[in-house]
Amino acid sequence: MQIKNFLMIASLSMCLMIVFHHYVKHINDFHLTEHEKIFQISDVSNHESFVFLFLGVFIGLMLSKIV
């Protein structure tokens, strides 16, 4: 497996794991909507910012494979 393919899979997997972790962390917060349990814009300074980081890495690697 090429290193780009590995990094693409790893970065996308990290995004999904962080989002899943956030949902499990807030599953019992009844004041939050289902959308807010998955991703909170107001809480973006914490682990949500890493989702943007890994998503950016994934998109960058996808674009570098196309060109």
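Our subject is the structure that appears above.
Presented here is an overview of the structure given in this document. (Residues numbered from 1 in each chain as written. Predicted model: local features only at pLDDT ≥ 70, side-chain atom pairs only at ≥ 80, totals over all residues. Heavy atoms only, no water.)

## Describing the overall build of the protein chain
Per the secondary structure count, the protein chain includes three helices and zero strands. Tracing the protein chain from N to C terminus, the helices and strands come up as α-α-α. Along the first, second and third principal axes, the C-alpha set of the protein chain runs to 45 × 20 × 15 Å. A separation of at least 24 residues holds for 51% of the contacts in the protein chain among residues at least 6 apart in sequence. If you sum the accessible surface of the protein chain, you get close to 4,900 Å²; carbon and sulfur atoms cover 74% of it. (Helix = DSSP H or I, 4+ residues; strand = E, 2+ residues; numbered from the N terminus. Contact = heavy atoms within 4.5 Å. Areas by Shrake-Rupley, 256 points an atom, 1.4 Å probe, with all protein chains shown as cover.)

## With respect to the side chain of histidine 26
Here histidine 26 is to be found in the loop between helix 1 (3-25) and helix 2 (34-38). Within the structure, histidine 26 has its side chain in polar contact with the side chain of aspartate 29 (distance 2.6 Å). (Polar contact = N/O pair within 3.5 Å; in protein donor to acceptor, adjacent residues only side chain to side chain.)

## Description of helix 1
Taking 1.5 Å as the rise per residue, helix 1 with 23 residues should run 33 Å; its terminal C-alpha atoms sit 32 Å apart, in good agreement. If you check which residues of helix 1 are buried, you get Met8, Ser11, Cys15, Ile18 and His22. (Expected span 1.5 Å × (residues − 1). Buried < 20%, exposed > 50% of the residue type's maximum accessible area, 1.4 Å probe, protein only.)

## Observations concerning the pattern of salt bridges
Under the criterion given, the structure shown has one salt bridge. Lysine 37 is the partner of glutamate 34 in a salt bridge, and the nearest nitrogen-oxygen pair spans 3.6 Å. Note that glutamate 34 and lysine 37 are positioned in helix 2 at a spacing of three residues, about one turn of the helix. Residue class for glutamate 34 comes out partly exposed when judged on its relative accessible area of 47%. (Salt bridge = Lys/Arg side-chain N within 4 Å of Asp/Glu carboxyl O.)

Fair warning: the whole summary comes from geometry, so function is off the table for now.
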